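Structural characterization, general
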Amino acid sequence: MTHRHFASSAIPCCKIHRFRLEMIDQSVFDEAFELFEVDFSCGEDAVYTPALVLWALLSQSLFKEELRSCNAAVTRIAAWWVAQGRVVDNNSGAYCRARQKVPDELVAHLVRTIAGRAEQSSDLAESLDDEQAEEMLTPRAIAEVKSKPVTGRVLMVDGFTVDAADTPENQQEYPQNPAQEEGLGFPIFRCVSLISMATGMLVDLAITPYCGKETRETALLRQMIDSLRPGDILVADSYYCTYWLLAMCKARGVEVVMKNHHKREGHPDDAVRICRGQRKVVWSRPQHQSW
């Protein structure tokens, strides 16, 4: 069985689906499997191929409670095979072993790749007339963002936290909030995401323990700094409004849109007025950071 079984042949051949398939087609997955050397179950009688395992793995994140279990995922794979005219065993052990062969980096690579292709597709939508754009269900937000004279992407950065399963392994790697008494809190990790404001898709994600060295949101954004390209516009809240972050963005040719930090003077006496609503302010470089 080859990777082509990942895609369903039942997808209607209409304009909106062709538009979406330009972002997600078989080559995206084939290239990812080759890049990360995922090549198990290549025989004709294979059941848990890389494509089906990836599909089932993603399906587990879309369901709740018992439907997100490995047994439920195996049942979905078996049902797919029945639709292809083949009966297979519901072996969750074999599926779990195959799932471990799909690295997290492969999933992250697919997320970034598809997000990049979606950004290009939103450029395509911009070139269509109103009727064509309506047929393709282009969200109004995309049309509004793309109507502006922006040379790069408009990306929003923000942070959030997630509680993990309360296991010894998770507590070791992602300790609970230190403000809580031991044994009363869940493992928690901090995330910072870069989201395209044209497509709403995840461009990049950084994850770290909730507290400790280099675990603040600004530190996580520095980890993703290579995801920013010249011409991009970074949108963030006032927490990110620091000298060092603005300096790093300026050095990369990235513009920023942020509310001024509440601890910084919003109307300094030495500000130079440019026009209504605009002024030039000089910031003095603070003490040099180790990085």
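For the structure, check the block above.
Residues numbered from 1 in each chain as written. Predicted model: local features only at pLDDT ≥ 70, side-chain atom pairs only at ≥ 80, totals over all residues. Heavy atoms only, no water.

A closer look at the environment of Asp226
When you line up the elements, Asp226 lands in the loop between α10 (217–223) and β4 (233–236). Classification of Asp226 as exposed rests on a relative accessible area of 63%. Linking Asp226 and Arg252, residues 26 residues apart in sequence, is a C-alpha distance of 9.0 Å. (Helix = DSSP H or I, 4+ residues; strand = E, 2+ residues; numbered from the N terminus. Buried < 20%, exposed > 50% of the residue type's maximum accessible area, 1.4 Å probe, protein only.)

With respect to the pairing of strand β1 (residues 154–163)
Here three bridges tie β1 to β4, and the two strands are oriented parallel to one another. Directly across from Leu155, in β4, lies its bridge partner Leu234. Pairing geometry for β1 and strand β2 (residues 188–196), over nine bridges, is antiparallel. When the sheet's bridge partners are listed, Asp163 is paired in β2 with Ile188. (Pairing = 2+ DSSP bridges.)

A short note on the packing of aromatic side chains
Aromatic rings in a pair are described by how distant their centres are and how their planes are angled relative to each other. One pass over the full model with this rule turns up five aromatic pairs. For the pair Tyr174 and Phe189, a centre-to-centre distance of 5.2 Å together with 55° between the ring planes defines the contact as tilted. Of this pair, Tyr174 sits in the loop between α9 (168–173) and β2 while Phe189 is found in strand β2, placing the two residues 15 residues apart along the sequence. Here the two residues Tyr174 and Phe189 agree in accessibility, since each one is buried. With a centroid separation of 5.2 Å and an interplanar angle of 85°, the aromatic rings of Tyr243 and Trp244 are classed as edge-to-face. Take Tyr243: its relative accessible area is 24%, and that puts it in the partly exposed class. According to the relative accessible area criterion, Trp244 is buried, its value standing at 16%. Lying over the aromatic face of Trp81, Arg86 brings its terminal NZ or CZ to 4.6 Å of the ring centre. (Phe/Tyr/Trp six-rings, centres within 6.5 Å; stacked < 30°, edge-to-face > 60°. Lys NZ or Arg CZ within 6 Å of the ring centre and 35° of its normal.)

With respect to the sheet that holds strand β5 (residues 255–258)
Taken in spatial order, the five strands make up an open sheet running β3-β2-β1-β4-β5, and their pairing is mixed. Pairing within the sheet leaves two strands with one partner each, and these edge strands are β3 (202–209) and β5. Each adjacent strand pair in this sheet contributes to an overall mean axis angle of 25°, direction not counted. Across four bridges, the pairing between β4 and β5 is parallel. (Axes fitted to C-alpha atoms, helices over the stretch in contact; angles between N-to-C directions.)

Let's talk about the packing of helix α4 (residues 70–83) against helix α5 (residues 92–99)
What describes two packed helices is the angle between their axes and the distance between those same axes. Interaxial distance between α4 and α5 falls to 9 Å at its minimum, and their mutual angle equals 95°. Relative to α5, the element α4 lies roughly perpendicular. Together, Cys70, Asn71, Ala73, Val74 and Ile77 of α4 and Ser92, Tyr95, Cys96 and Arg99 of α5 make up the contact between the two elements. Tallied by class, residues from the contact of α4 with α5 come to six nonpolar, two polar and one charged. (Parallel < 35°, antiparallel > 145°, perpendicular 65-115°, else oblique. Contact = heavy atoms within 4.5 Å. Nonpolar A, V, L, I, M, F, W, Y, C, P; charged D, E, K, R; others polar.)

Regarding the pairing of strand β6 (residues 272–275)
The sheet contact formed by β6 and strand β7 (residues 278–280) spans three bridges and is antiparallel. Bridge pairing links Val272 to Lys280 in β7. Linking β6 back to β7 in an antiparallel pair, the connection comprises two residues, with Gly277 at a positive phi of about 85°.

What about α5?
Along α5, the residues that are buried comprise Ala94, Tyr95 and Ala98. Within α5, the buried residues cover an arc of 100° as seen down the axis, which keeps them to one side. Measuring from the backbone nitrogen of Gly93 back to the side-chain oxygen at the start of α5 gives 3.1 Å, which picks out Asn91 as the cap. (Arc of directions from axis to C-beta. Polar contact = N/O pair within 3.5 Å; in protein donor to acceptor, adjacent residues only side chain to side chain.)

Here we look at unusual backbone geometry
Although it is not a glycine, Ser41 adopts a positive phi angle of roughly 55°. Secondary-structure assignment places Ser41 in the loop between α2 (26–35) and α3 (50–62). Judged by relative accessible area, which is 28%, Ser41 ranks as partly exposed.

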